[in-house]
Amino acid sequence: MRRTLAWLLFLLVAPVWATPGPDRLIQVGQTSAPPPLDPGDPAWTSAPAATVRLYPQITAPGGPGGSVLMLEARVLRSGGRLAIRLAWPDAGEDVADARATHRFADAAAVEFAPAGDTLPYVGMGEPGRPVQVWLWRAGQPPERLSAQGFGSLAGQAGAPPEAQARRSATGWTLVLRGKTDAPVPAAIAFAAWDGAEDGRAGRKRLSAWQALAGPGGTIPAALREEARLGGDPARGERLYTERGCVACHAPSAGLGPDLAQAGGIHWPGYLRRSIREPAAFRVPGYTSIMPKLGLQRLEIEDLAAYLMTRGQ
Ligand code: HEC
């Protein structure tokens, strides 16, 4: 009897509303003064450091590639201004040089999700759902851009962010500071390029969307459904074979994107949408051959839960 009760209690409190793992949530620090531009400013200690994994952008032309595997991010906010401090390892300094156009510069970018309760495709947004981008290339002034899908990066009106970068023997520390469209964006993502390996265009590494934590360290209310993880991964794994997903998504099949790291780069809501309505968004570099499979709602939950276990 006691065991049944304990089990019932467990079911009641089981975390159906799972929040993304620690690498999906960045706690925003507050400062009274303007957030600092200097990467060495002591005010940065008041912003908790988040370690963020970067994944190869497998779907982009020119990829996969990229050797920057991890970066440390801190975010400070004051008034309407946001400052983001990124630190990442990079063995050699590659700075833009107008006379040596064959050389590529080390670079990093911050991508801001548009307001709303769903996150667009993390690799440069989707048609009709623009993302804002701050781009820094070593040796060049930072840029303010926007994109509505891979390859659509364009300049955006408004003041570009300010940047201050510091080079050590082992890597870069960069602060980007500016105003974003939303005073507090719900989520941001990062990319880094290593100039030494022709790190240009798609040959970069990219993080998953990171929610900016609201008061109390929780994800913004608007993104709860996006983060919700309700299915059974073991059932999802069986369905993945039974429903023929492997026929296209196994790396050897090459007909659909490799989903081996789907759980690291995507959120549950994005995976559910991709399975439910394949035509709603086409992953860059692929044709829209994924069929609408007429799956039950719970089957979609299970498949998303299974894919979230891959690549975390
Ligand atoms: C006939 C081939 C085919 C089958 C079968 C198929 N897919 Fe896909 N899938 C694709 C292609 C092609 C894309 C990329 C183009 C697009 O977005 O429409 C894709 C995209 C996806 C994405 C988005 C991936 C990303 O990197 O953003 C997910 C998730 C996905 N499929 C899951 C599934 C699951 C789960 C099944 C089985 C229930 C399945 N697919 C069955 C071909 C297929």
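These numbers come from a predicted model, not from an experiment.

## Here we look at the coordination of the iron atom of the ligand
Every protein donor of the iron atom of the ligand is listed here as H249 (NE2) and M290 (SD), and their distances to the metal cover 2.0 to 2.2 Å. Each of the 6 donor atoms bound to the iron atom of the ligand contributes to angles spanning 86 to 179°, and the resulting shape is octahedral. With H249 in helix α4 (residues 245-249) and M290 in the loop between α6 (268-276) and α7 (297-308), the pair connects residues that are 41 residues apart, well separated along the chain. For H249, a relative accessible area of 13% gives the class buried.

## Section: the nonpolar core
One broad rule of soluble globular proteins: the nonpolar side chains tend to lie buried together. Residues I84, L86, W88 and F190 are the most contacted members of the largest nonpolar core, which totals 26 residues. Contributions of two or more residues to this core are made by β1 (25-30), β2 (50-53), β4 (70-78), β5 (81-89), β6 (107-112), β7 (131-137), β11 (171-178) and β12 (187-193). Counting residues per element, this core draws most heavily on β5, which supplies 4 residues.

## What to know about the pairing of β6
The buried fraction of β6 is high, at 6 of 6 residues. Across the two faces of β6 the burial is the same, with A107, A109 and E111 and A108, V110 and F112 all buried. Of the pairings in the sheet, the one linking β6 to β7 comprises 6 bridges and is antiparallel in character. Each bridged residue has a counterpart across the sheet, and for A107 the counterpart in β7 is R137.

## A short note on the site of the ligand
Taken together, 25 residues surround the ligand, and among them C245, C248, H249, Y270 and M290 come closest. In this structure, H249 approaches the ligand through a side-chain N or O atom, which is 2.8 Å from a nitrogen atom. The backbone of F281 places a nitrogen or oxygen atom 3.2 Å from an oxygen atom of the ligand. Of all the elements in the fold, those that place two or more residues in the shell around the ligand are α4 and α6. Among the residues making up the shell around the ligand, the classes are represented as 18 nonpolar, 6 polar and 1 charged.

How each quantity is defined
- Residue numbers run consecutively from 1 along every chain, following the written order of its sequence.
- Totals for whole chains, interfaces and linings use every residue, but because this is a predicted model, local features are given only for residues with pLDDT of at least 70 and side-chain atom pairs only at 80 or more, for both listing and counting.
- Note that water and hydrogens are dropped before the side-chain values are worked out from all heavy atoms of the structure.
- Think of the donor list as every N, O and S atom within 2.8 Å of the metal, or within 3.2 Å for Na, K and Ca; water never makes the list, so a site can look incomplete.
- Here a site with four donors is tetrahedral if all angles are between 85 and 135 degrees, and a site with four or six donors is square planar or octahedral if opposite donors are over 155 degrees apart and the other angles are between 65 and 115; anything else gets the irregular label.
- A run of H or I in DSSP becomes a helix once it reaches four residues, and a run of E becomes a strand once it reaches two; helices and strands are each numbered from the N terminus.
- When accessible area is computed with a 1.4 Å probe and restricted to protein chains, residues below 20% of their type maximum are described as buried, those above 50% as exposed, and intermediate ones as partly exposed.
- Grouping buried Ala, Val, Leu, Ile, Met, Phe, Trp, Tyr and Cys residues that are joined through side-chain atoms within 4.5 Å yields what is termed a nonpolar core.
- Only strands that DSSP links by at least two bridges are regarded as paired with each other.
- Whether a residue is near a molecule or strand depends on its heavy atoms: it is near if one of them lies within 4 Å of it.
- Two N or O atoms count as a polar contact when they lie within 3.5 Å, although within protein this holds only if one can serve as hydrogen donor and the other as acceptor, and sequence-adjacent residues are included solely when both atoms are side-chain atoms.
- Gly is put with the polar residues, along with every residue not named as nonpolar or charged; the nonpolar set is Ala, Val, Leu, Ile, Met, Phe, Trp, Tyr, Cys and Pro, and the charged set is Asp, Glu, Lys and Arg.

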